[in-house]
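# Notes for the structure review
Here's the letter readout for the chains.
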Amino acid sequence: MNELTFRKESIGLGKRKQAIARVFIIPGDGKLIINNLIGQQYLQYNETYLNLIWSPLEKLNLQHQFNIIVSVKGGGLTGQTEAIQLGVARQLCKLDSRNRTILKPLGFLTRDARIKERKKYGLRKARKAPQYSKR
């Protein structure tokens, strides 16, 4: 599906590490499409990732009532999966404000702010220093 057919209000934005996911939820029969690929194929048939994405819908008993269409970029599969999960949860709250009271205590609406720390000068990595020599 072409993402240009969706309005800006219907986007659920999710971010995690370097990954940014734009999520669209439309009425359907429970299909997952990520970057114009079948969700299972994109996530390399990893059940953990698939369960993570569908978990907000499962908590609301809506897993076979909506199709999820996602445009995601940046990061790795784990970061992308968690970004998609946040986008799905935010989009469900836009559809019905009563969903927020169910999803918020379960932690689905919390943005994980941990990102990679920058490298500092004089160090090998963000905190790894060169070996200390006494003499």
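Residues numbered from 1 in each chain as written. Predicted model: local features only at pLDDT ≥ 70, side-chain atom pairs only at ≥ 80, totals over all residues. Heavy atoms only, no water.

## Considerations on the pairing of strand S2 (residues 19-27)
Pairing of strand S1 (residues 12-16) with S2 involves five bridges; the strand directions are antiparallel. When the bridges of S2 are listed, Lys15 appears paired with Ile20. Following S1, the chain reverses through two residues before pairing antiparallel with S2; Lys17 in that reversal takes a positive phi of roughly 50°. Where S2 and strand S5 (residues 66-73) come together, eight bridges link them in antiparallel fashion. Following the sheet pairing, Pro27 is matched in S5 by Phe66. (Pairing = 2+ DSSP bridges. Helix = DSSP H or I, 4+ residues; strand = E, 2+ residues; numbered from the N terminus.)

## Quick notes on helix H2 (residues 47-59)
With 13 residues, H2 extends 17 Å between its outermost C-alpha atoms, agreeing within 8% with the 18 Å of an ideal straight helix rising 1.5 Å per residue. The axis of H2 is deflected most strongly, by about 40°, at Ile53, and proline Pro56 appears within four residues downstream. Listed as buried for H2 are Tyr49, Leu50, Ile53, Trp54, Ser55, Pro56 and Leu57. Looking at where H2 begins, the residue whose side-chain oxygen comes 3.0 Å from the main-chain nitrogen of Thr48 is Asn46. Following H2 by one or two positions, Asn61 adopts a phi angle in the positive range, close to 55°. (Expected span 1.5 Å × (residues − 1). Bend = angle between axes of the 7 residues up to and from the residue. Buried < 20%, exposed > 50% of the residue type's maximum accessible area, 1.4 Å probe, protein only. Polar contact = N/O pair within 3.5 Å; in protein donor to acceptor, adjacent residues only side chain to side chain.)

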